[in-house]
Amino acid sequence: NLLEKIHEADRKELNPVALARWIEWEIDHNIHPFVDGCGRIAKAISAFVLVRNNSPLPYHKSREEYYTAMNKGKQEFREYYTQAVQRSIKDIYKR
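The structure displayed is predicted, hence computed values, not measured ones.

Enquirer: Which residues make up the overall build of the protein, and what values do they have?
Expert: Counting its regular elements, the protein contains five helices and zero strands. Going residue by residue from the N terminus, the α and β elements of the protein occur as α-α-α-α-α. Against the globule reference of 12 Å for 95 residues, the protein gives a C-alpha radius of gyration of 13 Å, in line with a compact fold. Along the three orthogonal principal directions, the C-alpha set of the protein runs to about 35 × 30 × 20 Å. The contacts in the protein between residues at least 6 apart in sequence include a share of 55% that link residues at least 24 apart. For the protein, the computed accessible surface area is about 6300 Å², with 53% contributed by carbon and sulfur atoms. For the protein, the centre of its 16 positive side-chain charges and the centre of its 13 negative side-chain charges are spaced 5 Å apart.

Enquirer: How would you explain the packing of helix α2 (residues 16-31) against helix α3 (residues 38-52) if you had to name every residue and give the values?
Expert: Here α2 crosses α3 at 165°, and the two axes come no closer than 8 Å. As summarised for this structure, α2 and α3 are arranged roughly antiparallel, according to the angle between their axes. As α2 packs across α3, the resulting crossing turns out to be right-handed. On α3, the residues touching P16, V17, L19, A20, I23, E24, I27 and D28 of α2 are C38, G39, A42, K43, I45, S46, V49 and L50. A per-class count over the contact of α2 with α3 returns 11 nonpolar, two polar and three charged.

Enquirer: Tell me what's going on with the pattern of salt bridges, and back it up with residues and numbers.
Expert: Taken as a whole and assessed by the stated rule, the structure comprises four salt bridges. The shortest N-O distance in the salt bridge between R40 and D36 comes to 3.3 Å. Looking at R40, the relative accessible area reads 56%, which means it is exposed.

Enquirer: Outline the environment of V51, listing residues and values.
Expert: Along the chain, the position of V51 falls in helix α3. A residue is classified by how much of its surface remains accessible, and V51, at 52% relative accessible area, is exposed. Once the C-alpha coordinates of V51 and K72 are considered, the two residues, 21 residues apart in sequence, prove to be 27 Å apart.

Rules of the game
Residues numbered from 1 in each chain as written. Predicted model: local features only at pLDDT ≥ 70, side-chain atom pairs only at ≥ 80, totals over all residues. Heavy atoms only, no water. Helix = DSSP H or I, 4+ residues; strand = E, 2+ residues; numbered from the N terminus. Rg over C-alpha atoms; globule rule 2.2 N^0.38 Å. Contact = heavy atoms within 4.5 Å. Areas by Shrake-Rupley, 256 points an atom, 1.4 Å probe, with all protein chains shown as cover. Lys, Arg positive; Asp, Glu negative; His and termini not counted. Charge placed at Lys NZ, Arg CZ, Asp CG, Glu CD. Axes fitted to C-alpha atoms, helices over the stretch in contact; angles between N-to-C directions. Parallel < 35°, antiparallel > 145°, perpendicular 65-115°, else oblique. Left-handed = near helix turned anticlockwise from the far one by under 90°. Nonpolar A, V, L, I, M, F, W, Y, C, P; charged D, E, K, R; others polar. Salt bridge = Lys/Arg side-chain N within 4 Å of Asp/Glu carboxyl O. Buried < 20%, exposed > 50% of the residue type's maximum accessible area, 1.4 Å probe, protein only.

This is the structure in structure tokens:
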């Protein structure tokens, strides 16, 4: 359940980056509840989770890269998402 997972992240029982990645995977890949806009909704909810937990937002180089990783499978998307967050952190420290 999404709300339970958000509470787990608030209590530091679940890594917020893992939760954000799960949200994007579930909404945009598995559930896909809308004809259009699933990716935007998924990213908005995951951004809420990350910001709420003082975590950086992932830096997606392109929409194509994001969906290529997602279409390769869950493990590939997990690796991609982790790298996207790491890119964001590196970008913050460059400034």
